[in-house]
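Here are the chains, one letter per residue:
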Amino acid sequence: MRIKGKGLVDRSDPVTFRFDGRSYDGFAGDTVASALLANDVKLMGRSFKYHRPRGVLTAGSEEPNALITVGAGASAEPNVRATTQEIYEGLEVRSQNAWPSLDLDALAVNNLFAPLLGAGFYYKTFMWPKAFWERVYEPVIRRAAGLGGLSGQPNPDTYERAFAFCDVLVIGAGPAGLMAALTAARAGADVIIADEDARPGGRLNAELLEVDGELGHVWAARAVAELESMSNVRVMSRTTVTGAYDQGTFGALERVNQHRGGRSDGAPLECFWRIVTKHSILAAGAIERPIAFQNNDRPGIMTAGAVRAYLNRWGVSPGRAVTVFTNNNDAYRTAQDMVAAGVRVAAVIDSRADVRSTGEFPVYRGAQVCNSNGGKELESISIIVNGKSEKIQTDCLAMSGGWNPTVHLTCHMNSRPTWRADIQAFVPTEGAVPGMSTAGACRGTFSTHGCLTEGAAAAREVLAALGKKVSDTALPQAEDAPYNLAPLWAVAGKGRAWLDFQNDVCVKDVKQAAVENFRSVEHMKRYTTQGMATDQGKNSNVAALAVLADATGRGIPQTGTTTFRPPYSPVAIAAMGAGAQGKGFAPQRFTTSHRASVAAGAPMIEAGLWYRPSYFPKPGEKTWRQSCDREVNHVRNAVGICDVSTLGKIDIQGPDAAALLDFVYINTFSTLKVGRVRYGLMLREDGTVLDDGTCARLGATRFVMTTTTAAAGTVMRHLEFVAQCLRPEWQVAMTSTTEQWAQFAVAGPKSRELLNGLLDAPIDNDNWPFMACGEVSVLGVGGRLFRISFSGEHAYEIAVPARYGEALFRELVARAEGLGGGAYGMEALNVLRIEKGFITHSEIHGRTTAYDVGMGRMISATKDCIGKVMAARPGLVVKDRERLVGFKPIGAVKQLSAGAHVFAAGAQASRENDQGYITSVGFSPSFGAYIGLGFVKSGPERYGEVMRAVDHLHELEVEVEICPPVFVDPEGRRARG
Amino acid sequence: MRLDCPICGNRDRREFYYQGDAVMLERPAPDAGAAAWDGYLHLRANLAGETRDLWQHEAGCGAWLVVTRNTVTHAIHTVELASAVKEALR
């Protein structure tokens, strides 16, 4: 119920939202949880395993119970905490894990089978019949147990990633964080202060404590206003710092638009930040612990701090007759605040006998709550005092087992927290994260005065390290009440007493784990599922390991904690991977001829990040093969045009450029004349082929290397490695010019005729022989011409600055068509090179050597080169290695397939009989038959042998003849013509 | 993770390409023998603790770097230009 005059919600701004289809009213500033409580809705979810009715337990991101699905359809988001989701007009939320409804959940029957569903039940039951596990039991269990479900549709929301840099990151905007930020900011440091809440202030917004004579939330608002007015400060609210990483990098999730209806204003739903800073101050506060007792999970039972947070911040009392169960003095604040607000406090049950606490409410000292009663809502509690049982009518029990400092981020880099017996809690270990200091409740200092003092002190240390002058900021006045507690983790007794509400882990489950020898805390966690899922045991882990410590006869510090891992609270994969969906997954690279190719109807295929035309269909052609055959014939009989700009182009200059090339290629380039091109093969240092290509000498100290499309980046990196790491004394520099030049193959008997129509100075076989290169003027544009051939025909590659690429491509294609030719795509290019036995990365696939591809003798005997020593290893030069050959089908089946393996005729097609494999195939119009390239043991010595090629995948078997890999013009006359 | 490129400054690790042990700087002579080449190419101690590896600032200046770091603490001690380290070895 809403309490008049209380809370920080904006009563002038009513908001209507829907929960499970029903409309509810709230105010701006409400969360789903506070608004539902204001409407006396206590049942908000069903538990994971037993489908127990559950209400809200907390008022923060640690909430284990009140998980809801926000929105509907593709953008629905499951497992959102009702305690953090702000309401807005039109918000639609649903409960989870209940059918047919939250109130009448059929699977609540699981609760009756609870004795069968204890820790590790799935390891012990459902064992028979064996086949039932996969087909019956597991699907049923998976359906019955669980949280919210995904929509199964692509996520339509937008997300962003961003970097931020600062002098100091303050994590948490409670009293410690705000004081730290103020101190640092006033001294001129570049500050980011991030807080997961919509409203900075931390517990100051949830308490009635005063700072400098005014209510804490007023002081906090003033502090935030000052920070926001400063140009050196970024206040990031609704931003959870989720992880601490190496070298001062922090992950942070900003919920940019989760609190607003309508997601069409261009803002992303969420932004995942990487914040980089040398200094950080953790002021993350603390999380209150429940106490385990029988049926402590009933709706209406909450943590004490949450109960007064609902009252003080949201103006809501979760009950009309409130009781408090505590082992410490802090929870008395809940009783005091309730009484002050006019809410009846039925009793305070203090487990400590030796305290002299009083108030305007009955106090039971040395007493414990041992059971709760009611149905889907709390009606009464049973307590034991002086050995006698008593029943107290109450609809809200506020429990406090003490506070756990939020040490999570200090443990993300492999540190373990330190146990402090006086507060019965773990605190951060000094120096856990380089550059991070801690302040306030997260280091076990709970008074407001203590938080302010430590926040200021942490900031001063950072300022000193930054060399900034420390301004003399007076510390605000605030309470400095001591915090006293006596440990109480679980009330002794029968029945189920919950530790982990989200995963339905009870005290007896942890004890059972210990009995079954899962004594390590990590084993206990996995056996019981304690601390898993969305809340990661934020309010239950310490109690669970205390119970384990007790059950195993060890102390809590000896038992230790499980590992804290990022993220602190759930982060959508969509946020971390923002920008990488769909086309954002990999950049697309387009050649200058892309538009012309697409306009010509060419299907584009991926070549690395590039897109290249597969073939250029003409009217009347029904299959790609018809287009491909025509394009091959164009090149063999007239002239064809192909965009080869995707090949890597590396400009290499310097007095030692030739020496570098001699060192990276197996053959010699220092002897290459200016104005000539040479084919080269390069190896990895282990003797395997790295890449091949041509290299043109444009001047005495200048070369242009081409690489294959796929290996352009790898080769560039390799050249830099050789130049910087192996031969830094050489004067040579290189840069990639792949994107600066558009380059086209002009191939076929009419290639020179075509070019001479374009070149401002005609060429002939004498001034531009095979393997010549140089600068030319193309229709008035400066370009380069290389007489090289990847088809075996008389061919050239012509290059112009990229901005002329599209125009030149269109001109070349038009002229080729006029000569009876045209553009050709990747399919034809592949057939042309297979016909000539030219290799690609299908053949130099990372396991073949120069010897294997028939170029062993190209390795120069007179110089060292990368890979030379290792390529000479005996195993890499033996004759029976799988070596490059050609394949021709000669039996009834005329098709070849790449990937088929080769076996001796008559031999069984099994692994141990494997003789080699086919790497490339194509239909050769020149032969009217399929031809292929591949590798066969002792290949060149087996020409003429008939073998079996078996493709197990496509269930294809072909009789093949082994032949030399060059099918067309083996003497190479055409290219020289 | 971040590295201090001596040329570009402090950058996110996504800008860098990781190669492996900096022993790759010490290429043996062609006639050094099988053991030396085997050690150069294949044998790595893979110690937990201080390592020296080669990285390239591929999405930056292109410089190859020798990074001395601790695989246990993730601390990065030095980032040097590989060319300078190699020159010093000569």
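Parameters at a glance
Residues numbered from 1 in each chain as written. Chains lettered and ligands numbered in written order. Predicted model: local features only at pLDDT ≥ 70, side-chain atom pairs only at ≥ 80, totals over all residues. Helix = DSSP H or I, 4+ residues; strand = E, 2+ residues; numbered from the N terminus. Rg over C-alpha atoms; globule rule 2.2 N^0.38 Å. Buried ≥ 20, exposed ≤ 12 C-beta atoms within 10 Å, placed from the backbone. Contact = placed C-beta atoms within 7 Å. Core = buried A, V, L, I, M, F, W, Y, C linked by C-beta atoms within 7 Å. Axes fitted to C-alpha atoms, helices over the stretch in contact; angles between N-to-C directions. Parallel < 35°, antiparallel > 145°, perpendicular 65-115°, else oblique. Left-handed = near helix turned anticlockwise from the far one by under 90°. pLDDT = per-residue confidence, 0-100. Pairing = 2+ DSSP bridges. Nonpolar A, V, L, I, M, F, W, Y, C, P; charged D, E, K, R; others polar.

Caption draft 1: Representation of the overall build of chain A. When helices and strands are tallied, chain A shows 22 helices and 50 strands. Taking 2.2 N^0.38 as the reference for a compact globule, 977 residues should give roughly 30 Å; the C-alpha atoms of chain A span a radius of gyration of 38 Å, well beyond that estimate. Dimensions of chain A, computed from the C-alpha atoms along their principal axes, are close to 110 × 75 × 55 Å. The 977 residues of chain A split such that 53% are buried. Long-range pairs, those at least 24 residues apart, make up 66% of the contacts in chain A between residues at least 6 apart in sequence.

Caption draft 2: Looking closely at the nonpolar core. Residue and element names in this part refer to chain A. The biggest cluster of nonpolar side chains holds 169 residues, and the ones touching the most others in it are Ala-180, Ala-181, Ala-184, Val-191, Ile-193, Ile-281 and Ala-292. With near-sequence residues (within four places) excluded, Ile-193 lies in contact with Val-170, Ala-173, Gly-177, Ala-181, Leu-227, Val-233, Val-235 and Met-236. Formed by 128 residues, the second largest nonpolar core is a distinct cluster that contains Cys-725, Trp-741, Ala-816 and Leu-884.

Caption draft 3: Main features of the packing of helix H9 (residues 507-515) of chain A against helix H11 (residues 541-552) of chain A. Residue and element names in this part refer to chain A. Running from N to C, H9 and H11 point in directions that differ by 45 degrees, and their axes come no closer than 9 Å. Between H9 and H11, the angle is such that the two are oblique. In this structure, H9 crosses over H11, and the sense of that crossing is right-handed. Facing Val-507, Val-510, Lys-511 and Ala-514 of H9, the residues of H11 in contact are Ala-544, Val-547, Leu-548, Ala-551 and Thr-552.

Caption draft 4: Summary view of the confidence of the model for chain B. Averaged over all residues, the pLDDT of chain B equals 96, while 100% of them reach at least 70. Confidence metrics for the complex model read pTM 0.92 and ipTM 0.99.

Caption draft 5: Quick peek at unusual backbone geometry. Residues and elements named next belong to chain A. In this structure, Pro-100 follows Trp-99 across a cis peptide bond, with omega equal to 0 degrees. Tracing the backbone through its elements, the reader meets Pro-100 in the loop between strand E7 (92-94) and helix H2 (121-124). Residue Pro-567 follows Pro-566 across a cis peptide bond; omega there is 0 degrees. As for its position among the elements, Pro-567 is in the loop between helix H12 (556-559) and helix H13 (573-576). With phi around 50 degrees, Asn-386 is a residue other than glycine that occupies positive phi space. With respect to the helices and strands, the residue Asn-386 is situated in the loop between strand E22 (378-385) and strand E23 (388-393). When the 10 C-beta atoms within 10 Å are taken as the criterion, Asn-386 is described as exposed.

Caption draft 6: View of the sheet that holds strand E35 (residues 648-653) of chain A. Residues and elements named next belong to chain A. Ordered by their spatial adjacency, five strands build an open sheet running E36-E37-E38-E35-E39, and the pairing between neighbours is antiparallel. A single partner strand is all that each edge strand has here, and the edge strands are strand E36 (677-683) and strand E39 (733-736). Across the sheet, the axes of successive neighbouring strands diverge by a mean angle of 25 degrees, strand direction being ignored. Pairing between E35 and strand E38 (residues 702-707): six bridges, direction antiparallel. Residue pairing for E38: Gln-653 is matched across the bridge by Arg-702.

Caption draft 7: Spotlight on the pairing of E38 of chain A. All names here are of chain A. Within E38, five of the six residues are buried, leaving the element largely enclosed by the surrounding structure. Across four bridges, the pairing between strand E37 (residues 689-699) and E38 is antiparallel. By the bridge assignment, Arg-697 is partnered in E38 with Phe-703. Turn length for the E37-E38 hairpin, with the two strands adjacent in sequence and antiparallel, is two residues.

Caption draft 8: Layout of the packing of H9 of chain A against helix H10 (residues 521-528) of chain A. Residues and elements named next belong to chain A. Two elements in contact, H9 and H10, have axes separated by 10 Å at closest approach and are oriented at 120 degrees. Here H9 is positioned oblique relative to H10, judged by the angle of their axes. Pair H9 / H10 crosses with right-handed handedness. Taking contact as the criterion, the partners of Asp-509, Val-510 and Ala-513 in H9 are, on H10, Met-524, Tyr-527 and Thr-528.

Caption draft 9: Here's a closer look at helix H7 (residues 332-340) of chain A. All names here are of chain A. Those residues of H7 not exposed but buried are Tyr-332, Arg-333, Thr-334, Ala-335, Asp-337 and Met-338. Here the buried face of H7 lies against helix H6 (304-314), strand E18 (321-326), strand E19 (344-350) and strand E24 (396-400). Phi turns positive, to about 90 degrees, at Gly-342, one or two residues after H7.

Caption draft 10: Looking closely at the interface of chain B and chain A. With 21 residues of chain B at the interface, the matching set in chain A holds 18 residues. The set of elements that each furnish at least two residues to the side of chain B that touches chain A consists of helix H1 (34-41), strand E4 (50-56) and helix H2 (82-89) of chain B. Examining the composition of the side of chain B that touches chain A, we find that four residues originate from one element, H2 of chain B, more than from any other. In terms of residue class, the side of chain B that touches chain A is made up of 12 nonpolar, four polar and five charged.

Caption draft 11: Geometry of the pairing of strand E33 (residues 610-613) of chain A. All names here are of chain A. Summarising the sheet, strand E31 (residues 589-590) and E33 pair through two bridges and their orientation is parallel. Bridging from a neighbouring strand, Phe-590 pairs with Tyr-611 of E33. When strand E32 (residues 604-607) meets E33, the two strands line up antiparallel, connected through four bridges. Note that in E33 the partner of Ala-607 across the bridge is Trp-610. In sequence, E32 turns back onto E33 through a hairpin of two residues, with Gly-608 there showing a positive phi of about 65 degrees.

Caption draft 12: Region of the structure containing the sheet that holds E32 of chain A. Taking strand neighbours across the sheet as the criterion, the three strands line up as E31-E33-E32 (chain A) in an open arrangement whose pairing is mixed. Here the strands that pair on one side only, and so sit at the sheet edges, are E31 and E32 of chain A.

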